[in-house]
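# Structural overview
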Amino acid sequence: MTTTDPITMQRGQTREDGVAPVIGVENLHKSFGSQKVLNGISLAVGRGETLAVLGRSGTGKSVLLRIIIGLETPDSGSVRIYGEDIAGLALDRLGKIRMRMGFLFQQAALYDSLTVVQNVAFPLEHHRREMSSSEQSGRVRELLEEVGMEAALDKMPSDLSGGMQKRVALARALALQPDILLLDEPTAGLDPISSNEICDLVLKLQKEHHMASIVVTHDLHSAKTIAGRLALLNEGIVVIEGTFEELQNSDLEFVKDFLKNS
Amino acid sequence: MSDRPFSAAAGIEPPFAWLRAVFASPTAGSPKGLITKFLEWFGDLGIFFWRVVRAGVTPPFEFRELFRQLDEIGSKSLPLVALAGAAIGVVLSMETRYSLTRFGAKSLLPAAIVFSVVHDIGPIITGLVASGRVGAGIGAELASMKVSEQIDAIEASAVNPYRLLASTRILACILMLPLLTLAADFCALLMGWVAMTLVEPISLHQFINSGFKGTGFNDFLPPTFKTAVFGLIIGLTACFQGMRTKGGAEGVGRAATSSVVLSSLFVILADVVLVKVIIIFFP
């Protein structure tokens, strides 16, 4: 077991042993009442790597992401971030780990009483108190330029289209320069052009920032654009994990069906 | 067994139907289930309160949000509280005049108005008006944030929502309720005098002298500061109901309604206890 502290590690630094994945999910189980959602999922994502988690609606893809960031607790199994199990962590310790993670919610989840600028500045105001307000403004502008939303600085979230909201939410997720990016249905509810734009944007950001990413989606086209590796979920388990080509060559009936209907 | 054992279609409103709506839960069909849910609700409220206190007393403190809430809860409730106080002052003046005249004690009218307003009517009216306006506002706002995943987004940004959202709102309620009570008392007394002087002219100076004769700080301060407890009840109940909401628009509506119903009920119940406590400690 390595002794490197995930919180005090510098951004981009790898662990001494170089073995532990950035995100490690082991034998995860989760039920809501009598409904089993996750039934023993294991996944691992390394630095600079992107994994797309595919599956039909209601197969627990979003629950998996929520467990990884600590918004839900698993019934059993573990989630390790840089080798540290996040289960049972004190809130301040978990908070420090969360500061290294960016999360894009399915509905963007922008704070509707704040402007675009205030939304993106929110994490900076709370965690980069040492930054002056002009430095924060500069950083916010930089982030909004990165996602192509520099023209919407003072707009309210309700004035933005779905795609624009996702872009702003992505800028907010990147504000603290995370090592880990979790994307929950980044293209859901978007038209094909906006969907492609978001995919290209995510791809560009991943290349620039070398984050470990998990993208949850039921959109095969975005999954193969964004991710190098795909995991297909069904009934709470990973049916197959591999490259898109490996999925295409699979003999499994469910995989064939899924690819045919996607 | 159906989730709704008391059929609305039958047109029969079951006893305590409103309570079932407040603690709405699919398992709370039977009386036993209702009692269990009722106890669970109090248990969850206790845990929530502990988390809020723990988050509120540890840094970093959210001063900016606190000041925003002081404005939202205090300044923006002032017109409504002042209007309610003024209306109560007029009604009290007219009703008390009628009663005292019947018993030949009309000269006690200023003292009766002052005593009633300062002792209980001002605080309870402020508590109930704030339950309606502030309770519904906080309940609906937080519920809407909850169902649109904004509270999850705050948590995912490594910011403690109990500190940012709940502790600031509850503290603002605690601080502002006594000040709003002062405003309600002032408006009630002023309009009580206006109503009195329209019937039988009396100078404001004379009204005050006669009204406050024999009234000490013990008559004024404890009832005013007891509204800090009302503030705690309103803020805590509304934040709790808002932050535990489930479902979409229906959940938001339910949270707003239950925030108002429960906080009003608890304010009245707390008043019963606090009146007794004040009588014991400030005879």
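First things first, this report covers the structure right here in the doc. Small disclaimer: the values here were computed from a predicted structure and weren't measured.

Reading the values: rules and limits
- Residues numbered from 1 in each chain as written.
- Chains lettered and ligands numbered in written order.
- Predicted model: local features only at pLDDT ≥ 70, side-chain atom pairs only at ≥ 80, totals over all residues.
- Helix = DSSP H or I, 4+ residues; strand = E, 2+ residues; numbered from the N terminus.
- Rg over C-alpha atoms; globule rule 2.2 N^0.38 Å.
- Contact = placed C-beta atoms within 7 Å.
- Core = buried A, V, L, I, M, F, W, Y, C linked by C-beta atoms within 7 Å.
- Buried ≥ 20, exposed ≤ 12 C-beta atoms within 10 Å, placed from the backbone.
- Axes fitted to C-alpha atoms, helices over the stretch in contact; angles between N-to-C directions.
- Parallel < 35°, antiparallel > 145°, perpendicular 65-115°, else oblique.
- Left-handed = near helix turned anticlockwise from the far one by under 90°.
- Nonpolar A, V, L, I, M, F, W, Y, C, P; charged D, E, K, R; others polar.
- Pairing = 2+ DSSP bridges.
- Expected span 1.5 Å × (residues − 1).

## Section: the overall build of chain A
If you tally the helices and strands in chain A, you get 9 helices and 10 strands. For chain A, the C-alpha radius of gyration of 18 Å lies close to 18 Å, the compact-globule estimate for 262 residues. Its C-alpha atoms give chain A principal-axis dimensions of about 55 × 45 × 35 Å. Look at the contacts in chain A between residues 6 or more apart in sequence, and 66% of them connect residues 24 or more apart.

## A closer look at the nonpolar core
Formed by 140 residues in total, the largest nonpolar core has its most connected members in Ile68(A), Ala171(A), Leu182(A), Ile214(A) and Cys239(B). The element that contributes the greatest number of residues to this core is helix H7 (residues 161–199) of chain B, accounting for 19 residues. Aside from chain neighbours lying at most four places away, what touches Ala171(A) is Val120(A), Leu143(A), Leu144(A), Glu146(A), Val147(A) and Met149(A).

## Side note on the packing of helix H5 (residues 109–147) of chain B against helix H11 (residues 249–281) of chain B
Each pair of packed helices can be summarised by the angle the axes make with each other and by the distance between the axes. Residue and element names in this part refer to chain B. Between H5 and H11, the least distance of the axes is 8 Å, while the angle of their chain directions is 150°. Between H5 and H11, the interaxial angle falls into the category roughly antiparallel. You can see that H5 and H11 cross each other, and the crossing is right-handed. Grouping the amino acids of the contact of H5 with H11 by side-chain chemistry returns 13 nonpolar, 10 polar and 2 charged.

## Considering the pairing of strand E9 (residues 229–234) of chain A
All names here are of chain A. In terms of burial, E9 is largely enclosed, as 5 of its 6 residues are buried. The pairing of strand E3 (residues 50–55) with E9 spans 5 bridges and is classified as parallel. Paired with Leu 54 across the bridge in E9 is Leu 232. Note that E9 and strand E10 (residues 237–242) share 5 bridges and pair antiparallel. Considered in E10, the bridge of Ala 231 is made with Glu 241. Once E9 ends, the chain turns through 2 residues before running back antiparallel as E10, passing Glu 235 with a positive phi of about 50°.

## Concerning H11(B)
The terminal C-alpha atoms of H11(B) lie 46 Å apart, and with 33 residues this matches the ideal 48 Å at 1.5 Å per residue to within 8%. Within H11(B) the residues assigned to the buried category are Val252(B), Ala255(B), Ala256(B), Ser258(B), Ser259(B), Val260(B), Leu262(B), Ser263(B), Ser264(B), Val267(B), Asp271(B) and Leu274(B).

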